[in-house]
Amino acid sequence: GAVVSQHPSWVICKSGTSVKIECRSLDFQATTMFWYRQFPKQSLMLMATSNEGSKATYEQGVEKDKFLINHASLTLSTLTVTSAHPEDSSFYICSARGTFTYGYTFGSGTRLTVV
Amino acid sequence: KQEVTQIPAALSVPEGENLVLNCSFTDSAIYNLQWFRQDPGKGLTSLLLIQSSQREQTSGRLNASLDKSSGRSTLYIAASQPGDSATYLCAVRLSSNTGKLIFGQGTTLQVKP
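What counts and what doesn't
- Residues numbered from 1 in each chain as written.
- Chains lettered and ligands numbered in written order.
- Predicted model: local features only at pLDDT ≥ 70, side-chain atom pairs only at ≥ 80, totals over all residues.
- Heavy atoms only, no water.
- Helix = DSSP H or I, 4+ residues; strand = E, 2+ residues; numbered from the N terminus.
- Buried < 20%, exposed > 50% of the residue type's maximum accessible area, 1.4 Å probe, protein only.
- Polar contact = N/O pair within 3.5 Å; in protein donor to acceptor, adjacent residues only side chain to side chain.
- Contact = heavy atoms within 4.5 Å.
- Buried area = accessible area lost by both parts, 1.4 Å probe.
- Salt bridge = Lys/Arg side-chain N within 4 Å of Asp/Glu carboxyl O.
- Nonpolar A, V, L, I, M, F, W, Y, C, P; charged D, E, K, R; others polar.
- Patch = residues over 30% accessible without salt bridge, like charges linked within 9 Å, V, L, I, M, F, W, Y side chains within 5 Å.
- Areas by Shrake-Rupley, 256 points an atom, 1.4 Å probe, with all protein chains shown as cover.
- Core = buried A, V, L, I, M, F, W, Y, C linked by side-chain atoms within 4.5 Å.

**Remarks on the side chain of Thr87 of chain B**
Residues and elements named next belong to chain B.
- Topologically, Thr87 is positioned in strand β9 (residues 86–93).
- By relative accessible area, which is 18% here, Thr87 ends up buried.
- For Thr87, the side chain forms a polar contact with the side chain of Thr108, separated by 3.1 Å.
- Apart from the residues within four sequence positions on either side, Thr87 is in contact with Phe36, Arg37, Gln38, Gly106, Thr107 and Thr108.

Set out below in structure tokens:
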């Protein structure tokens, strides 16, 4: 079945630094990638949607200059958290949808802790 | 604005019990509804997807129903096992034009041996 590989699975960074999270579709072409954030004991909230080769569409309240999304190829999308602060600490999950895939395939998530 | 609610937030049952998880949504105009499983600190695994025109879907010990008019879906787990312990999330997709999913808060299930 469709597989999305997300790395790293966890990362600890210092406040003010940037962190890049990668999601790769291993056996299908991810035409659309979704990035979610999940705070403890809360559900997933969509941050942005990106289509391959296009600029990402951000949900209301999500800072596009802080959460940089790149979807330059059909198999790779990245989320960069710039100038991270402790309040950015969260669980980030990507989800991919391809032209011929049914439903959504989620990555395994990245636990970001900003200290 | 579509809102998705899951009740109960947490559930603990002895092994072997049949159980029902509930999901409700405020706007019946949905494209489909999907149930996911999430293990602690992990990503999501899709369990069942029900299109808006369907009433139910089954996979093994899992059965999901959809009553779009009343804004409800249930996930039935038969003969629960300790390995079923996880958080179960339902999510609705609003239309074919958007891939955005709106998630409920989840039900954390613990099945005790």
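**Overview of the interface of chain B and chain A**
- Listed by partner, the interface residues are 18 residues for chain B and 16 residues for chain A.
- The largest share of the area that chain B buries against chain A comes from Leu44, Lys100 and Phe103 of chain B, three residues that together contribute 30% of it.
- Its salt-bridge partner being Glu59 of chain A, residue Lys100 of chain B comes within 2.7 Å of it at the nearest N-O pair.
- The interface formed by chain B and chain A contains seven residue pairs in polar contact (both at pLDDT 80 or more).
- When contributions to the side of chain B that touches chain A are tallied by element, the ones reaching two or more residues are β4 (32–38), β5 (44–51), β9 and β10 (101–103) of chain B.
- Its residues assigned to classes, the side of chain B that touches chain A comprises six nonpolar, nine polar and three charged.

**A few points about a nonpolar patch on the surface**
- Taken together, the side chains of Trp10, Ile12 and Val115 of chain A present a nonpolar region at the surface, about 370 Å² in accessible area.
- If you trace the backbone, Trp10 of chain A turns up in strand β2 (residues 10–13).

**Thoughts on the nonpolar core**
- Counting 24 residues, the largest nonpolar core has Met33, Trp35, Phe67, Leu79, Tyr92 and Leu112 of chain A as the members making the most contacts within it.
- Those elements that provide at least two residues to this core are β2, β3 (19–25), β4 (30–38), β5 (44–51), β7 (67–73), β8 (76–81), β9 (90–98) and β11 (110–114) of chain A.
- Setting aside its immediate chain neighbours within four residues, Met33 of chain A contacts Cys23, Ala48, Thr49, Ser50, His71, Ser77, Cys94, Ser95 and Ala96 of chain A.
- Core analysis: the next-biggest nonpolar cluster, separate from the first, contains 23 residues, Val4, Cys23, Tyr88 and Val111 of chain B among them.

These values are about where atoms sit, not about what they do.
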